[in-house]
Amino acid sequence: MSVKAILQEILALLQQQVADVVAGDHLAVRAGAERYELLMAQLEQAEIDLSPAELKPLYDDIQQEKTKLQSLLSVEVNRVEFLLRLLVGSGSLKPIGYPGKGRSESGSRMFNRRA
């Protein structure tokens, strides 16, 4: 199989994985990851049939889709971690804002100093 065909298949696979993550189909994402590993192994053995000028746009498209997929996956990981914390009840969440409201926390002294 040629490098161009493999890279085009990788691009199509990444686009499909982005759609699968958006749809929430974790089984398809997992199958896509396995397929991606197979394509990468084939890419190592493939014959090079592209010039660098022909390869650049395809490479850029693949990088863009990979970035999009990684971003979506990190959002999903954060969402799942949040839901697990809610289900398990991992204790109190620290408030966001100025550090320390009481005297027991060291950050509170910074804001209570007199000039």
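Structure first, text after, so check above.
The structure presented is a predicted model; accordingly, all values stated were derived computationally and were not measured.

Re the environment of Arg79
And then number 1: Inspection of the secondary structure puts Arg79 in helix H3 (residues 52-88).
And then number 2: The exposure class of Arg79 is partly exposed, given its relative accessible area of 42%.
And then number 3: In terms of polar contacts, Arg79 uses its side chain to reach the side chain of Glu76, at 2.9 Å.

Structural notes on the nonpolar core
And then number 1: Counting residues in hydrophobic clusters, the biggest one holds 17 residues, and the most contacted among them are Leu7, Ile10, Leu14 and Ile62.
And then number 2: Contributing elements (two or more residues each) for this core: helix H1 (3-23), helix H2 (26-45) and H3.
And then number 3: Those residues in contact with Ile62 that sit more than four places away from it in its chain are Leu7, Ile10, Leu11 and Leu14.

Notes on H3
And then number 1: Between its first and last C-alpha atoms H3 spans 52 Å; for 37 residues at 1.5 Å apiece the expected length is 54 Å, and the two agree.
And then number 2: Listing the buried residues of H3 in full gives Leu58, Ile62, Glu65 and Leu69.
And then number 3: Elements in contact with the buried residues of H3: H1.
And then number 4: One or two residues past the end of H3 sits Gly89, with phi positive at roughly 75 degrees.

Notes on the pattern of salt bridges
And then number 1: Counted under the stated rule, the structure contains four salt bridges.
And then number 2: With a closest N to O distance of 2.2 Å, Arg35 and Glu9 form a salt bridge. In this pair, Arg35 is assigned in helix H2 and Glu9 in helix H1, connecting sequence segments 26 residues apart.
And then number 3: Taking relative accessible area as the criterion, Arg35 reaches 30% and is therefore assigned partly exposed.
And then number 4: Across the pair Lys68 and Glu65 runs a salt bridge, and its minimum N-O distance is 3.4 Å. Of this pair, Lys68 and Glu65 both sit in helix H3, three residues apart, roughly one helical turn.
And then number 5: For Lys68, a relative accessible area of 38% corresponds to the partly exposed category.

Things to note about the packing of H1 against H2
And then number 1: Running from N to C, H1 and H2 cross one another at 165 degrees; their axes reach a closest spacing of 10 Å. Classed by the angle they form, the pair H1 and H2 counts as roughly antiparallel. H2 is crossed by H1, and the crossing has left-handed handedness. Every residue of H2 that contacts H1 at Val3, Ile6, Leu7, Glu9, Ile10, Leu13, Leu14, Gln17, Asp20 and Val21 is listed here: Ala28, Val29, Gly32, Ala33, Arg35, Tyr36, Leu39, Met40, Gln42 and Leu43.
And then number 2: Grouping the constituent residues of the contact of H1 with H2 by class yields 14 nonpolar, three polar and three charged.

Thresholds applied
Residues numbered from 1 in each chain as written. Predicted model: local features only at pLDDT ≥ 70, side-chain atom pairs only at ≥ 80, totals over all residues. Heavy atoms only, no water. Helix = DSSP H or I, 4+ residues; strand = E, 2+ residues; numbered from the N terminus. Buried < 20%, exposed > 50% of the residue type's maximum accessible area, 1.4 Å probe, protein only. Polar contact = N/O pair within 3.5 Å; in protein donor to acceptor, adjacent residues only side chain to side chain. Core = buried A, V, L, I, M, F, W, Y, C linked by side-chain atoms within 4.5 Å. Contact = heavy atoms within 4.5 Å. Expected span 1.5 Å × (residues − 1). Salt bridge = Lys/Arg side-chain N within 4 Å of Asp/Glu carboxyl O. Axes fitted to C-alpha atoms, helices over the stretch in contact; angles between N-to-C directions. Parallel < 35°, antiparallel > 145°, perpendicular 65-115°, else oblique. Left-handed = near helix turned anticlockwise from the far one by under 90°. Nonpolar A, V, L, I, M, F, W, Y, C, P; charged D, E, K, R; others polar.

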